[in-house]
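Residue strings, one per chain:
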Amino acid sequence: MVKSTFLCAATTISILVFFGCSNKELHQEQAQLHLRIGTGFLSQGKNPQALVELLKAEELDPQDPQIQNFLGLAYYVRKEYRLTEKHLLRALELFPKFSDARNNLGRLYTDMGRYDEAITQLKIASKDLTYPVPERLFLNLGLVYLKKNDYDMALNSFKKSMESNTRFCPAYNYYGQTLFQQGKYKGAIESFDHALALCNNNYDEAHYYSAVSYYKMGQTEKAIARLEEVEKQYPESEYATKAKNMIRTIQ
C-alpha cells in the first residue's frame with residue numbers, strides 16, 4: 001500500500017489525467033494506512049495512539065464505514081458511549097448491511113441499559129448468514145437477555161453461540177452464569193469447567209463462579225480449594241480480591 005501510494009503520487013505530477021490517479025484515491029490509500037496502524041494500536045490496548053490514527057483516517061476518508069466502525073470501538077473502550085454511538089450509526093448510514101457495526105451497536109446499547117434497542121440491532125445482524133463470527137453476535141444477544149433476567153432466551157442464545165463455534169469459551173462461561181442464576185449449580189460447574197478447559201485454565205470469571213457454585217451446593221472444601229486457585233492464578237484480578245473475601249466469610 002505504501003509503495004502504491006508513492007507511485008500514485010509520482011504519477012500525479014505529470015500524467016494524472018492518463019492514469020486517473022486522483023487526490024481522492026490518494027487520500028483513501030493514506031486513510032487505509034492510518035486505519036491499519038490505528039487498529040494495530042487498538043489491539044495492543046494503546047487506545048490514545050489508536051484514536052489519533054483513526055481520526056487521521058477519518059479526516060482523509062470520512063465516507064469509509066470501516067473507519068467509522070473502528071472509531072466507535074476506540075471510543076467504546078474509553079467508555080465515551082455518546083461518541084461510540086455516533087460513529088457506529090454513521091457506519092450503518094454509509095453501509096446498512098454492515099453487520100459488525102450493528103453487532104457493536106447492540107453491545108453498546110446493552111452496556112447503556114437500552115436492552116430493547118440492543119435486541120433489535122442484534123436480531124437484524126443475526127439474519128446475515130455471511131457474518132464470519134456469529135458466535136460473538138449470539139453471545140451479545142445472550143448477554144442482553146441475561147441482563148433482562150430472561151434466562152430461557154439467554155440460554156438459547158448462548159447455545160447458538162456454542163453451536164457456531166464449539167471452542168468459543170466465553171459462551172460456555174455465560175451459559176454457566178445463566179444456570180447459576182437459576183440455581184442450577186451442578187450444570188453451571190460443568191459449563192464453567194468446559195470454559196476453563198477451552199481457555200487453557202485461564203479464565204478468572206469462570207474459575208471464580210465455579211467456586212461459588214460449589215459453595216452453593218454445600219461442597220465447602222472444593223469451594224475453598226478453587227477460591228485459593230483464583231488467588232494464586234489471577235493475583236491482579238478483581239476476582240482474586242473477591243475470592244480472598246469469600247474465603248474469610250466461609251472460614
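The paragraphs below set out a description of the structure included in this document. (Residues numbered from 1 in each chain as written. Predicted model: local features only at pLDDT ≥ 70, side-chain atom pairs only at ≥ 80, totals over all residues. Heavy atoms only, no water.)

1. Re the nonpolar core
Then, number 1: Ranked by internal contacts, the top residues of the largest apolar core, which has 56 residues, are Leu-139, Phe-158, Tyr-174, Tyr-203, Tyr-208 and Leu-227.
Then, number 2: Counting residues per element, this core draws most heavily on helix α9 (residues 134–147), at eight residues.
Then, number 3: Other than its neighbours up to four places away in sequence, Tyr-174 contacts Leu-139, Leu-143, Leu-146, Phe-158, Tyr-203 and Glu-205.
Then, number 4: Ala-31, Leu-51, Leu-71 and Tyr-75 belong to the second-largest nonpolar core, a separate cluster that totals twelve residues. (Core = buried A, V, L, I, M, F, W, Y, C linked by side-chain atoms within 4.5 Å. Buried < 20%, exposed > 50% of the residue type's maximum accessible area, 1.4 Å probe, protein only. Helix = DSSP H or I, 4+ residues; strand = E, 2+ residues; numbered from the N terminus. Contact = heavy atoms within 4.5 Å.)

2. Some words on the side chain of Ser-213
Then, number 1: Within the fold, Ser-213 resides in helix α13 (residues 204–216).
Then, number 2: Beyond its immediate sequence surroundings of up to four residues, Ser-213 is in contact with Phe-180, Tyr-185, Ala-188, Ile-189 and Phe-192.

3. As for unusual backbone geometry
Then, number 1: Of note, Lys-79 is a non-glycine position whose phi angle comes to about 60 degrees, a positive value.
Then, number 2: Along the chain, Lys-79 falls in the loop between α5 (65–76) and α6 (81–94).
Then, number 3: The phi dihedral of Asn-149 is positive, around 65 degrees, even though this residue is not glycine.
Then, number 4: Position of Asn-149 among the secondary structure elements: in the loop between α9 and α10 (151–164).
Then, number 5: Residue class for Asn-149 comes out exposed when judged on its relative accessible area of 52%.

4. Overview of the state of the cysteines
Here a disulfide denotes one covalent bond, and it connects the sulfur atoms of two cysteines.
Then, number 1: Within the structure shown, the criterion is met by one disulfide.
Then, number 2: Disulfide partner of Cys-169: Cys-199, at an S-S distance of 1.8 Å. Within this pair, whereas Cys-169 is found in helix α11 (residues 169–181), its partner Cys-199 is found in the loop between α12 (185–198) and α13, the two being separated by 30 residues in sequence. (Disulfide = S-S within 2.5 Å.)

5. Remarks on helix α4 (residues 47–60)
Then, number 1: Compared with an ideal rise of 1.5 Å per residue, which puts 14 residues at 20 Å, α4 spans 20 Å between its outermost C-alpha atoms and is within 8% of the ideal.
Then, number 2: Within α4, the full set of buried residues consists of Asn-47, Ala-50, Leu-51, Glu-53, Leu-54 and Ala-57. (Expected span 1.5 Å × (residues − 1).)

6. Let's talk about the pattern of salt bridges
Then, number 1: The tally for this structure, following the rule as stated, stands at seven salt bridges.
Then, number 2: Two residues, Glu-85 and Arg-114, come together in a salt bridge whose shortest N-O distance is 3.1 Å. Of this pair, Glu-85 sits in helix α6 while Arg-114 sits in the loop between α7 (99–111) and α8 (115–126), placing them 29 residues apart in sequence.
Then, number 3: Given the relative accessible area of 23%, Arg-114 is considered partly exposed.
Then, number 4: The shortest N-O distance in the salt bridge between Arg-90 and Glu-93 comes to 3.1 Å. Linking Arg-90 with Glu-93, this pair stays in helix α6, spanning three residues, or about one helical turn. (Salt bridge = Lys/Arg side-chain N within 4 Å of Asp/Glu carboxyl O.)

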